[in-house]
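One-letter residues, chain by chain:
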Amino acid sequence: MKVVHSIEDLRDQLRGQLRVAFVATMGNLHAAHLSLMRLARQHGDPVVASIFVNRLQFAPNEDFDQYPRTLAQDIEKLEAERDVYVLFAPDESVLYPEPQNFRVQPGNTLGGILEGEFRPDFFMGVCTVVLKLFSCVQPTVAVFGKKDYQQLMVVRAMCRQFQLPVEIIAHETVRDDDGLALSSRNRYLTPEERAEAPRLYALLQRVREQLAAVPDERVRVEAEALQHLRERGWAPDYLSVRRQRDLLEPTADELHAGEPLVVLAAARLGHTRLIDNLEFQI
Ligand code: PAF
């Protein structure tokens, strides 16, 4: 695997390559990232991965400074898996050599709800860096995980609206045996919090079961699930059943007609904010 830090070296490595598959990450790689790389390998050749902790998507009160930076270990993991041909690991001075005044605003319909409501500039930061990374790597396909469900949809919408010639491929969420979705932020959890954390996914499954039993009581089911989290010491931002196609609330008729749904949640456990989701249909 070649590790490159500059855009010039990246372009040198990729000259003439027409089927590049790309995985963007913020590093601190775990099994879910490695699985994204494997899927990328099935959809293109060569695979390019990036590691860049993108300041633009963190609010001032968020964990930009603490975000784990583990480049040496990340390189070892990628070398061992052998799926990635080039790792692009730019410094901030490479991706943001001057103040980033041109920014991609995803708009409020998709970008202002759910995560966008609680992290107002998050999707602007994600879209801006993903567009920059796409223009550096020029991939044919790019793989994003479904754990960041709304991010995946926002990136897809950006590609569609800007006519970017990049096919976005979704990777299923990778979970620990107890159901907790893998995330770099899990390492912030204390042992007690780690034991509690799988409750979030268990609750999403319970919401799915309850909604199948009483589809007309979506609002009550959501409210009870939020209350349950609060009673267990969580501070939830949202837990909401939405339509898969646009993340808007389903009507009762749509619920009955088998509309593809996803229940999404974000909640803080101690100092750690966890997100998760579950797709389903009733
Ligand atoms: O999902 C992430 O790790 C980040 O949001 C991404 C897509 C790498 C952009 O910084």
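So, here is what we can say about the structure in this document. The shown structure was predicted, so the numbers you read here are calculated from the model rather than taken from an experiment.

## Let's talk about helix 10 (residues 199–213)
Within an α-helix, residues lying three or four positions from one another point in the same direction, as the helix has 3.6 residues per turn.
And then number 1: Given a rise of 1.5 Å per residue, 15 residues ought to cover 21 Å, and the 21 Å separating the end C-alpha atoms of helix 10 matches this to within 8%.
And then number 2: All of the buried residues in helix 10 are Leu200, Tyr201, Leu203, Leu204, Val207 and Leu211. All buried residues of helix 10 project into a common sector of 160° when viewed along the axis, lining one side.
And then number 3: Contacts made by the buried residues of helix 10 are with helix 11 (218–231), strand 7 (235–243), helix 12 (252–256), strand 8 (261–269) and strand 9 (272–280).

## What to know about helix 1 (residues 7–14)
And then number 1: Within the span of helix 1, buried status applies to Ile7, Leu10 and Leu14. Seen from one end, helix 1 has its buried residues packed into an arc of 60°, which puts them on one side.
And then number 2: Buried residues along helix 1 sit against strand 1 (2–4), strand 3 (47–51), strand 4 (86–88), helix 4 (92–95) and helix 7 (122–137).
And then number 3: Gly16, located one to two residues past helix 1, shows a positive phi value of around 85°.

## Digging into the site of the ligand
And then number 1: Around the ligand sit Ala24, Thr25, Met26, Asn54, Gln57, Val126, Val129, Phe144 and Gln151, and that is every residue in its neighbourhood.
And then number 2: Within the side chain of Gln57, an N or O atom sits 2.7 Å from an oxygen atom of the ligand.
And then number 3: Note that an oxygen atom of the ligand is positioned 2.7 Å from one of the side-chain N or O atoms of Gln151.
And then number 4: In isolation the ligand has 290 Å² of accessible area, and contact with the protein removes 88% of it.
And then number 5: Breaking the shell around the ligand down by element, the ones donating at least two residues are strand 2 (21–25) and helix 7.
And then number 6: Grouping the amino acids of the shell around the ligand by side-chain chemistry returns five nonpolar, four polar and no charged.

## A few points about the pairing of strand 6 (residues 167–171)
And then number 1: Relative to strand 6, strand 5 (residues 141–145) is paired through five bridges, and the arrangement is parallel. In the strand pairing of strand 6, Val143 is matched with Ile169.
And then number 2: Each parallel crossover has a hand, and for strand 5 linked through helix 8 (residues 149–161) to strand 6 it is right-handed.

## Some details on the sheet that holds strand 9
And then number 1: Strands sit in the order 7-8-9 across an open sheet of three strands; the sheet is antiparallel. Of all strands in the sheet, those with a lone pairing partner are strand 7 and strand 9, marking the two edges. Ignoring which end each strand starts from, the neighbouring axes of this sheet average 10° apart.
And then number 2: The pairing of strand 8 with strand 9 spans nine bridges and is antiparallel. What sits directly across from Leu264, in strand 9, is Asn277.
And then number 3: In the packing of helix 10 onto the sheet, the strands contacted are strand 7, strand 8 and strand 9, and the crossing angle to strand 9 comes to about 30°.
And then number 4: Most of the contacts of helix 11 go to strand 7, to which it runs at about 155°, and overall it touches strand 7 and strand 8.

## Considerations on the pattern of salt bridges
And then number 1: Counted by the stated rule, this structure contains 27 salt bridges.
And then number 2: Residue Glu115 is joined to Arg119 by a salt bridge in which the shortest nitrogen-to-oxygen separation is 3.9 Å. There is no split in this pair, since Glu115 and Arg119 are both buried.
And then number 3: Glu279 is the partner of Lys146 in a salt bridge, and the nearest nitrogen-oxygen pair spans 2.8 Å. With a gap of 133 residues between them, Lys146 in the loop between strand 5 and helix 8 and Glu279 in strand 9 connect regions that are remote in the sequence.
And then number 4: You can call Glu279 partly exposed: its relative accessible area is 27%.
And then number 5: Within this structure, Glu62, Glu115, Arg119, Asp237, Arg268 and Arg273 form a network of salt bridges that share partners.

## Some details on the packing of helix 1 against helix 7
And then number 1: Where helix 1 contacts helix 7, the two axes come as close as 9 Å, and the packing angle between them is 50°. Between helix 1 and helix 7, the angle is such that the two are oblique. Where helix 1 abuts helix 7, its residues Ile7, Leu10, Arg11 and Leu14 lie against Ser135, Cys136 and Val137.
And then number 2: Across the contact of helix 1 with helix 7, the residue classes break down as five nonpolar, one polar and one charged.

Thresholds applied
Residues numbered from 1 in each chain as written. Predicted model: local features only at pLDDT ≥ 70, side-chain atom pairs only at ≥ 80, totals over all residues. Heavy atoms only, no water. Helix = DSSP H or I, 4+ residues; strand = E, 2+ residues; numbered from the N terminus. Expected span 1.5 Å × (residues − 1). Buried < 20%, exposed > 50% of the residue type's maximum accessible area, 1.4 Å probe, protein only. Arc of directions from axis to C-beta. Contact = heavy atoms within 4.5 Å. Near = heavy atom within 4 Å. Polar contact = N/O pair within 3.5 Å; in protein donor to acceptor, adjacent residues only side chain to side chain. Areas by Shrake-Rupley, 256 points an atom, 1.4 Å probe, with all protein chains shown as cover. Nonpolar A, V, L, I, M, F, W, Y, C, P; charged D, E, K, R; others polar. Pairing = 2+ DSSP bridges. Right-handed = clockwise from strand over helix to strand, strands pointing away. Axes fitted to C-alpha atoms, helices over the stretch in contact; angles between N-to-C directions. Salt bridge = Lys/Arg side-chain N within 4 Å of Asp/Glu carboxyl O. Parallel < 35°, antiparallel > 145°, perpendicular 65-115°, else oblique.

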